[in-house]
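Listed below are the residues making up each chain.
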Amino acid sequence: MKKYLILIFSIIISVVALGFVREDDPIKKILQQLEKYRVQYPQEKVHLHLDKPYYAIGDNIWFKAYVVTAEKNELSDLSKILYVDLINEDDSVKQSLTLPLQIGLTWGDFALSDSLEEGNYRIRAYTSWMRNFDEDYFFDKTITIGNSISNKVITQADYTFSKDPKGQRVLANLNYSDLSGAPISNKEVTYEVVLDFRSILKGKAVTDTNGTVQVSFVNNQPFILKSGKINTNIRLDEKALASKSFLVKTTSNETDVQFFPEGGDLIDGITSRVAFKALGSDGLGLPVSGYIADENQNRLIDFNSEFAGMGSFRFKPSISNIYTAHIIFKDGSEKKIPLPKVKAKGYVLSADNSDSTSLKIRISSNELQAPDSELKLVAQSNGQVLFVSKNKMSSSIFSSSIPKSRFPTGILQLTLFSPNDEPVAERLVFINHSDHLNIKLSSEKLDYQKREKVKLMLDAQDKLGKPTMGSFSISVIDETKVPFEEENETTIISNLLLSSDLKGFIEKPNYYFTSIDADKVRHLDNLLLTQGWRRFEWKNILSDNYPSIVFEPENSMQVSGEVRSMSGKPIIGGKVTLFSSSGTQFLLDTLTDKNGRFKFDNLFFNDSTKFIVQARNEKDKKNVEILLDRIPSQVVTKNKNNPMVEINVNKSIFPYLKNSREQYDDLRKNGLIARNIMLDEIKIVEKKVEVKNSSNLNGAGRADDIIKAEQLQNCLTIVQCIQGRFAGITVMNDIVYATRNMTSSFSGPVPMQVIIDGSFVEPDFLSSINPNDVETIEILKSISNTAIYGMRGSGGVLIVNTKRGEYNTNYRNYAPGIIGYNPRGYSQGREFYSPNYSDPATNTRVADLRSTIYWNPNVIISDSTGKASVEFYNSDGKGKYKAIVEGVNIDGTIGRHIFRYNVK
């Protein structure tokens, strides 16, 4: 007979409550180990609020970053530097930003230049301290970037899969059409199939009347080669062709169905809940139904999936039987999958989270224990132990109801310890008090005209309804141009409360926080029954096996290293001088310690800063070796959100790209288009010299002459390389002049203006630059090229573009006792442009087709009223405008709100 007991809450624990546990109590060690981990390894979480969900080449990605402590979601003061990367489909970092954090807040932007290709990109954000732990807990969001400017061809790919004696056969139907939707027919296409960077097939084809070609290939190494691309070139006419790549997410239509017993195991004779997850070959949830049958083919239980291919059922297994799940797919096909093996002895930890006020716990066991043996239940949220219970094993079943008010909103981890103090069952539940910030956006009216001024009022209240102070970011977009479902968004709530605490891919995490009802509560519970949670392993914690700390929390930028004699001995008391050769100006010195080490900290410099480090020994001799500390760049792993990548990039956001193209054409017609945008994607056989990282105001490579890196290899100085090599240029006293300016005048000849990575420097500075640090030099002599620089360009211009290598590895010895260093400095953010139509100087001839109407990453409520306001002007677009605000108050309470108004 089952006996139900109310668990006695013998310990309700917080950080300071450990003293109330007896020293000889076995639970003491468990709690001490958890507390040690929490204190020594505080966790940080990052959220980025982006201005919109997808982009086009030529756009800026605007974002606000919130870095919080995992324990209470309070703004983190642990790290002072945030790293943000833009990563392409090939897992290559295309742009990186280093941003200073002030109380866990910062903001920045990526400019999407024409050097980027259309495709799926990831935005990854992390602190140096977070690198000590699993990259799964970095902020990592997949976005789509299309091409609206140079794109002449719209593509679409459809795949069918079949089995082949040699492996997995893929038939790809690749379709090409122009911007009007008309098929590009009877055109030659060359293609190459690349899977995981291995070329497996090359060929040619001709598009049919529908603009389609078929490419068939076999993946004969499916366990190694998982995904890739089909790279194609379609010849548009005799002289031009266009390059298009088609993403191959998978090479089979194999499905994956897994079963997860609640608490961890199926135990003989104990009824428990079993969750399941069905995934298609693309990694997304798959609707399935089916039934459980025993070894005699008796049909025991029917089941159906719910949201994202997940579901659950209750089941009482027997160790003397073998169970099989019969899966029925939407197309009627079936698949058999064995259930996890039933264990003879063990524990089942069950939780019922359906009640809004209490969490119902049920512990079942078929293990016989001594009468005085105890089970321990530990409940923790974000590393903080909030509840501990100990109970005698006087019955095989225990039930309890715990008030949810004991726990904060977020994931709660329940762990059951056996009488031997071993973790034997675990369960995750989500506690939702809906106690986010009460944020409201409002305006004076709901209907506006084009280009009319709008004033939005922000009102923020805490969970008690009182006005609160905090930091907020506001984005206003034209929803007609940028349609997007709210459940597909990555929000501050779904990210900080759910995604950042779970490993692996979560399909539509904001679904669980949009229009919450009983069904969504159940669906979220299914997710937590099937998703991994492993910020730490219990066995490691209990055995004192903690993570090794490689990266300390960064409080500031620093330059550090060691000075040795040429024989390898440390130099003690040697003088080290740090000065900048470009960018932020520095001149600092220090002495080495007893180990020959030195450090310059509390530095603040931008990403164009280059340093020279000079060292001398205690006798002021320069015959020493300088070894700078190197911080390796963060490894790029496979995209955990790969199921979210879009195969048909331009097709999926075509309305947005069409608007971007109209905006670009209008700006070009009025002579206002940015110069760094390519006009065509058409490839020409003969190409000009490629110039990387150019700061040339005329556009990269628009120069009279260009010096490339290979031409500088054998030069001791740059002026030596220039002397006598180029017509119309001469060198006097290490200063470069254009010969047309050498005629005598009252003021003497005018030297050429030197510009290094966009910074204007004195003409004599050229001789101090290491030629091996230079990528290209653009020489501007003609008036047509120098006119844009005004008086500064009257004597000609030398544009020096330096090499951009791996982070913090870009240093080189000049000679003994001196070394050049190009660290990764702070990125200089841009200011979002918002037109002022009340100003008569504003150009009203140009059509205003903006999709992001307003962006403000730093809306501060700093007084007790809890109110703030922003003002901006609408564009020419008609329809619904969507204002999104996200933020956090001083207590760590987060919030999000959406407000819509009409433009007629």
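Rules behind the numbers
- Residues numbered from 1 in each chain as written.
- Predicted model: local features only at pLDDT ≥ 70, side-chain atom pairs only at ≥ 80, totals over all residues.
- Heavy atoms only, no water.
- Helix = DSSP H or I, 4+ residues; strand = E, 2+ residues; numbered from the N terminus.
- Rg over C-alpha atoms; globule rule 2.2 N^0.38 Å.
- Buried < 20%, exposed > 50% of the residue type's maximum accessible area, 1.4 Å probe, protein only.
- Contact = heavy atoms within 4.5 Å.
- Areas by Shrake-Rupley, 256 points an atom, 1.4 Å probe, with all protein chains shown as cover.
- Pairing = 2+ DSSP bridges.
- Axes fitted to C-alpha atoms, helices over the stretch in contact; angles between N-to-C directions.
- Salt bridge = Lys/Arg side-chain N within 4 Å of Asp/Glu carboxyl O.
- Phe/Tyr/Trp six-rings, centres within 6.5 Å; stacked < 30°, edge-to-face > 60°.
- pLDDT = per-residue confidence, 0-100.
- Expected span 1.5 Å × (residues − 1).
- Polar contact = N/O pair within 3.5 Å; in protein donor to acceptor, adjacent residues only side chain to side chain.
- Core = buried A, V, L, I, M, F, W, Y, C linked by side-chain atoms within 4.5 Å.

(A) Region of interest: the overall build of the protein. Within the protein one finds eight helices and 54 strands. Relative to a compact globule of 904 residues, whose C-alpha radius of gyration would be 29 Å, the protein shows 32 Å and is just as compact. Counting only C-alpha atoms and orienting by the principal axes, one finds that the protein spans roughly 110 × 80 × 65 Å. The buried share among the 904 residues of the protein stands at 53%. Long-range pairs, those at least 24 residues apart, make up 69% of the contacts in the protein between residues at least 6 apart in sequence. Carbon and sulfur atoms make up 49% of the accessible area of the protein, which amounts to about 41,300 Å² in all.

(B) Quick peek at the sheet that holds strand S7 (residues 119-126). One open sheet accounts for five strands, arranged S2-S8-S7-S4-S5; its pairing is mixed. Only two strands of the sheet have a single partner each, and these edge strands are strand S2 (54-56) and strand S5 (93-100). Each strand axis lies, on average, 25 degrees off the axis of its neighbour in the sheet, ignoring direction. Pairing analysis gives three bridges linking S2 to strand S8 (residues 139-146), with the strands arranged parallel. Its bridge partner lying in S8, Ala56 is registered against Gly146.

(C) Quick peek at the pattern of salt bridges. In this structure the tally under the stated criterion is 43 salt bridges. Its salt-bridge partner being Arg124, residue Asp85 comes within 2.8 Å of it at the nearest N-O pair. In this pair, Asp85 sits in strand S4 (residues 81-87) while Arg124 sits in strand S7, placing the two residues 39 residues apart along the sequence. For the residue pair Asp85 and Arg124, the accessibility class agrees, reading buried in each case. Residue Asp665 pairs with Arg661 through a salt bridge whose shortest N-O separation is 3.3 Å. With Asp665 and Arg661 both in helix H6 (residues 654-669), this residue pair falls four residues apart, about one helical turn. Residue Asp665 is classed as partly exposed on the basis of its relative accessible area of 30%. Each of the salt bridges in this network shares a partner with another, and the network as a whole consists of Asp91, Arg122, Asp140, Asp196 and Lys638.

(D) Representation of the packing of aromatic side chains in the model. Tallied over the full model, the rule gives 32 aromatic pairs. On the numbers, 4.9 Å between centres and 55 degrees between planes, the contact of Phe276 with Phe303 is tilted. With Phe276 in strand S18 (residues 272-279) and Phe303 in strand S20 (residues 299-304), this pair connects stretches of sequence that are 27 residues apart. Phe303 matches Phe276 in its accessibility class, with the two residues each being buried. For the ring pair Phe604 and Tyr826, a centre distance of 4.5 Å and an interplane angle of 40 degrees mean the geometry is tilted.

(E) Molecular detail of the confidence of the model for the protein. In the predicted model, the protein carries a mean pLDDT of 86, and 91% of its residues have values of at least 70. Per-residue pLDDT stays below 50 along residues 1-21; that stretch engages in 53 contacts with residues further than four places along the chain or on separate chains. Considering only residues more than four positions removed or in separate chains, one finds that residues 674-687, a stretch of pLDDT under 50, has 36 contacts.

(F) View of helix H3 (residues 518-530). Between its terminal C-alpha atoms H3 stretches 19 Å, which fits the 18 Å expected from 13 residues at 1.5 Å a residue. Those residues of H3 that fall on the buried side of the exposure criterion are Lys520, His523, Leu524, Asp525, Asn526, Leu527, Leu528, Leu529 and Thr530. Check the buried side of H3 and you find it contacts strand S16 (256-261), S18, strand S21 (310-315), strand S30 (410-417) and strand S31 (423-431). Near the N-terminus of H3, the side chain that reaches the backbone nitrogen of Asp519, with its oxygen 3.2 Å away, is that of Asp517.

(G) Seen up close, the sheet that holds strand S47 (residues 774-780). Taken together, the five strands give an open sheet; going across it, the order is S42-S47-S48-S45-S46, and neighbouring strands pair in mixed fashion. The two strands at the open ends of the sheet, each matched to only one other strand, are strand S42 (705-708) and strand S46 (759-761). Direction aside, neighbouring strands of the sheet carry axes that sit 20 degrees apart on average. Pairing between strand S45 (residues 753-756) and strand S48 (residues 797-802): four bridges, direction parallel. Opposite Gln753, over in S48, you have Val797 as the bridge partner.

(H) Local environment of the nonpolar core. Core analysis: the largest hydrophobic core is formed by 49 residues, its most contacted members being Leu48, Ile61, Val84, Ile123 and Val613. Per-element accounting of this core gives the leading share, five residues, to S4. Beyond its immediate stretch of four places on either side in the chain, Ile61 contacts Leu50, Asp51, Tyr55, Leu86, Gly108, Asp109, Phe110, Leu112, Ile123, Ile143 and Ile145.

(I) Highlighting H6. Look at H6: 22 Å from first C-alpha to last across 16 residues, which is about the 22 Å you get at 1.5 Å a residue. Buried residues of H6: Tyr656, Leu657, Asn659, Ser660, Arg661, Tyr664 and Asp666, and no others. Where H6 is buried, its residues contact S2, S8 and helix H5 (649-652). Count one or two residues on from H6 and you reach Gly671, which has phi positive near 70 degrees.

(J) Layout of the side chain of Ser364. Structurally, Ser364 can be placed in strand S26 (residues 358-365). Under the relative-accessibility criterion, Ser364 is labelled buried at 4%.

(K) Inspection of unusual backbone geometry at higher detail. You will see that Ile103, though not glycine, has its phi angle at about 50 degrees, which is positive. The residue Ile103 is located in the loop between S5 and strand S6 (105-111) in this model. Take Ile103: its relative accessible area is 55%, and that puts it in the exposed class.

(L) Structural context of the environment of Ala700. Mapped onto the secondary structure, Ala700 falls in the loop between H6 and S42. Taking the C-alpha atoms as reference points, Ala700 and Gln663, 37 residues apart in sequence, are found 23 Å from one another.

(M) Seen up close, the pairing of strand S1 (residues 44-50). In terms of burial, S1 is largely enclosed, as seven of its seven residues are buried. Residue alternation in S1 divides its side chains into two sets, Glu44, Val46, Leu48 and Leu50 and Lys45, His47 and His49, and both sets are buried. As paired elements, S1 and strand S3 (residues 60-69) share seven bridges and run antiparallel to each other. Across the sheet, the residue bridging to Leu50 is Phe63, located in S3.

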